[in-house]
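Inside the fold
Letter by letter, the chains look like this.
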Amino acid sequence: MNIILLGPPGAGKEHSGGADREERKMVQLSTGAMLRAAVAAGTEIGKKADAIMKSGGLVSDDIVIGIINDRIDEPDCQGGFILDGFPRTLPQAAALDKLLQQKGKKLDKVVEIKVDDAALVDRISGRFSCAKCGAGYHDRHKPTKTPGVCDNCGATEFTRRADDNAETVKSRLMAYYRETAPLIGYYFAKEKLQSVDGMAPIDEVTSQINAALG
Ligand code: ADP
Ligand code: ZN
């Protein structure tokens, strides 16, 4: 099964991808995570993406389409994939349709995670994750049980995304409404869209996503 998780920044696309993912043998492909890795590694793509991401804008369609085109040919994607953060523009959606067709694959569903705007800004400014295991936390909503120590692995180093600050969040939201929100109509018209309530607790969101996948 191949699906897309659609939703604004801070909706929880990364952390609610579905507990059944492993059983379903699906891999989650996050263009944001791939771009952050490229920035950290200092690759050509990373150099192009760095300033754009820090400003909260969108990286060019060509770059992200190229990344996804290569990535879904890898063996681990053959059991199915969850696209998280891609497509983000109508041209990316059209390119995805075309490349899936060329590869003889199909898109099964698009799951939209709906969240109130006010909650998004609050969620994003405050989130951080464990540098070692990647567990996600939030200053106000989900602090570590012992300050400065990861609940999951005991590590004491944490990271915050460079673009997770109140100022950049607004640009990211604007980019979402201008470029990405039209995809909701695009996939509704294709009868692929299912919506889940992203305001519910994370486990509940996960189970709603699983239910939507059937
Ligand atoms: P979020 O959904 O929380 O904004 P992501 O990790 O999905 O976070 O994306 C972070 C940044 O990476 C975006 O603000 C954008 O600059 C860039 N990016 C990720 N995916 C895409 C994409 N499909 N098209 C263009 N830019 C992208
Ligand atoms: Zn950890």
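As shown above, the structure is provided for reference.
Below is a summary of the structure that appears in this document. Sequence order sets the numbering: in each chain, residues are counted from 1 along the sequence as written. As they are written, the chains are lettered A onward and the ligands numbered 1 onward, keeping that order. Under the rules for a predicted model, residues below a pLDDT of 70 receive no local features and side-chain atom pairs below 80 are neither given nor counted, while totals for whole chains, interfaces and linings still include all residues. Heavy atoms throughout the structure, all of them, feed into the side-chain values; hydrogens and water do not.

1. Some points on the coordination of the zinc ion (ligand 2)
Distances up to 2.8 Å from the metal define which N, O and S atoms are donors, and 3.2 Å serves for Na, K and Ca; water is absent from the atom set, so sites may look incomplete. Protein coordination of the zinc ion (ligand 2) is provided by Cys-130 (SG), Cys-133 (SG), Cys-150 (SG) and Cys-153 (SG), with donor distances spanning 2.3 to 2.4 Å. Considering all four donor atoms around the zinc ion (ligand 2), angles at the metal cover 105 to 114° and the coordination shape is tetrahedral. Along the chain, the residues that donate to the zinc ion (ligand 2) are spaced as C-x2-C-x16-C-x2-C. Here the residue Cys-130 occupies a position in strand β5 (residues 127-130), and Cys-150 occupies one in the loop between β6 (136-138) and β7 (158-159), the gap between them amounting to 20 residues. Working rule for geometry: tetrahedral if four donors all subtend angles between 85 and 135 degrees; square planar for four, octahedral for six, if opposite donors exceed 155 degrees and the others stay between 65 and 115; irregular in every other situation. Comment: elements are numbered from the N terminus, with helices defined as DSSP H or I runs of at least four residues and strands as E runs of at least two.

2. A look at the site of ligand 1
In the vicinity of ligand 1 lie 20 residues, with Lys-13, Thr-31, Arg-36, Gly-57 and Arg-172 positioned nearest. Between Thr-31 and ligand 1, the recorded distance is 2.7 Å, taken from a side-chain N or O atom to a nitrogen atom. Take Gly-57: an N or O atom from its main chain is 2.6 Å from an oxygen atom of ligand 1. Surface exposure here means Shrake-Rupley accessible area, sampled with a 1.4 Å probe, where a residue is shielded only by the protein chains that are shown. Relative to its free-state accessible area of 550 Å², ligand 1 is covered by the protein chains to the extent of 97%. Proximity is defined per residue: if any heavy atom of the residue lies within 4 Å of a molecule or strand, that residue is considered near it. In protein, a polar contact means a hydrogen-donor-capable atom and an acceptor-capable atom, both N or O and within 3.5 Å, with residues adjacent in sequence counting only if both atoms are side-chain atoms; elsewhere, any N or O pair within 3.5 Å suffices.

3. Examining the sheet that holds β6
Two strands pair if DSSP finds at least two bridges between them. Strand order in this open sheet of three strands is β6-β5-β7, and the pairing throughout is antiparallel. The open sheet is flanked by β6 and β7, the only strands paired with a single partner.

4. What about the nonpolar core?
As used here, the term nonpolar core means buried Ala, Val, Leu, Ile, Met, Phe, Trp, Tyr and Cys residues forming a set that is joined through side-chain atoms within 4.5 Å. We call a residue buried when its accessible area falls under 20% of the maximum for its residue type, exposed when it is over 50%, and partly exposed in between, using a 1.4 Å probe and counting protein chains only. Leu-35, Phe-81, Leu-83, Leu-96 and Tyr-187 are the most contacted members of the largest nonpolar core, which has 27 residues in total. At the level of elements, β1 (3-6), β2 (27-30), α2 (44-55), α3 (61-71), β3 (81-84), α4 (90-102) and α7 (182-189) are the ones that each hand at least two residues to this core. Of all hydrophobic cores here, the second largest spans 17 residues; its members include Leu-5, Ala-119, Val-205 and Ala-212.

5. Focus: α3
One full turn of an α-helix is made of 3.6 residues, so residues set three or four places apart face in the same direction. Turning to α3, its buried residues number three or more, namely Ile-63, Val-64, Ile-65, Ile-67 and Ile-68. Two residues form a contact once any of their heavy atoms are found within 4.5 Å. Residues of α3 that are buried in the fold lie against α1 (31-41), α2, β3 and α4.

6. Here's the deal with the packing of α4 against α7
A fitted line through C-alpha atoms represents every axis, and for helices the fit uses only the stretch in contact; the resulting angles, taken between N-to-C directions, go from 0 to 180 degrees. Where α4 contacts α7, the two axes come as close as 9 Å, and the packing angle between them is 35°. Listed contacts from α7 to Leu-90, Ala-93, Ala-94, Leu-96 and Asp-97 of α4 are Pro-182, Leu-183, Tyr-186 and Tyr-187. Think of it as three bins: nonpolar holds Ala, Val, Leu, Ile, Met, Phe, Trp, Tyr, Cys and Pro, charged holds Asp, Glu, Lys and Arg, and polar takes everything else, Gly as well. Across the contact of α4 with α7, the residue classes tally to eight nonpolar, no polar and one charged.

7. Quick look at the pairing of β5
Note that β5 and β6 share three bridges and pair antiparallel. Bridge pairing links Ser-129 to Gly-136 in β6. Between β5 and β6, which pair antiparallel in sequence order, lie five residues; one of them, Gly-134, sits at a positive phi of approximately 85°. With two bridges connecting them, β5 and β7 associate as antiparallel partners. If you follow Ser-129 over to β7, its bridge partner there is Thr-159.

8. Details of empty space enclosed by the protein
Points on a 1 Å grid over protein atoms alone make up a cavity when a 1.4 Å probe fits among them but cannot get out, and a pocket when they form an open set with protein on both sides within 12 Å along at least five of seven lines; lining residues each have an atom within 4 Å of a point. Grid points are joined across faces, edges and corners, and a volume is the space filled by probe spheres set on the points. On inspection of all chains with the given rule, the structure shows one cavity of 30 Å³ or more. Roughly 70 Å³ of internal volume is contained in the largest cavity. Lining the largest cavity are 13 residues, and of these Gly-7, Lys-13, Gly-85, Arg-88 and Thr-180 sit closest to its centre. For the lining of the largest cavity, the secondary structure elements donating two or more residues are β1 and α6 (166-180). Top element by residues in the lining of the largest cavity is β1. It accounts for three residues. When the residues that make up the lining of the largest cavity are grouped by side-chain class, the tally is eight nonpolar, three polar and two charged.

9. Let's talk about the side chain of Lys-105
Along the chain, the position of Lys-105 falls in the loop between α4 and β4 (109-114). Asp-73 provides the closest opposite charge to the buried, unpaired Lys-105, separated from it by 6.3 Å. Here Gln-78 takes part through its side chain, which lies 2.7 Å from a polar atom of the side chain of Lys-105. Once residues within four sequence positions are removed from consideration, Lys-105 is found in contact with Asn-2, Ile-72, Gln-78, Phe-81 and Leu-100. The charged-residue count follows a simple rule in which Lys and Arg add positive charge and Asp and Glu add negative charge, with His and chain termini not counted at all. A side-chain nitrogen of Lys or Arg and a carboxyl oxygen of Asp or Glu constitute a salt bridge if their distance falls within 4 Å.

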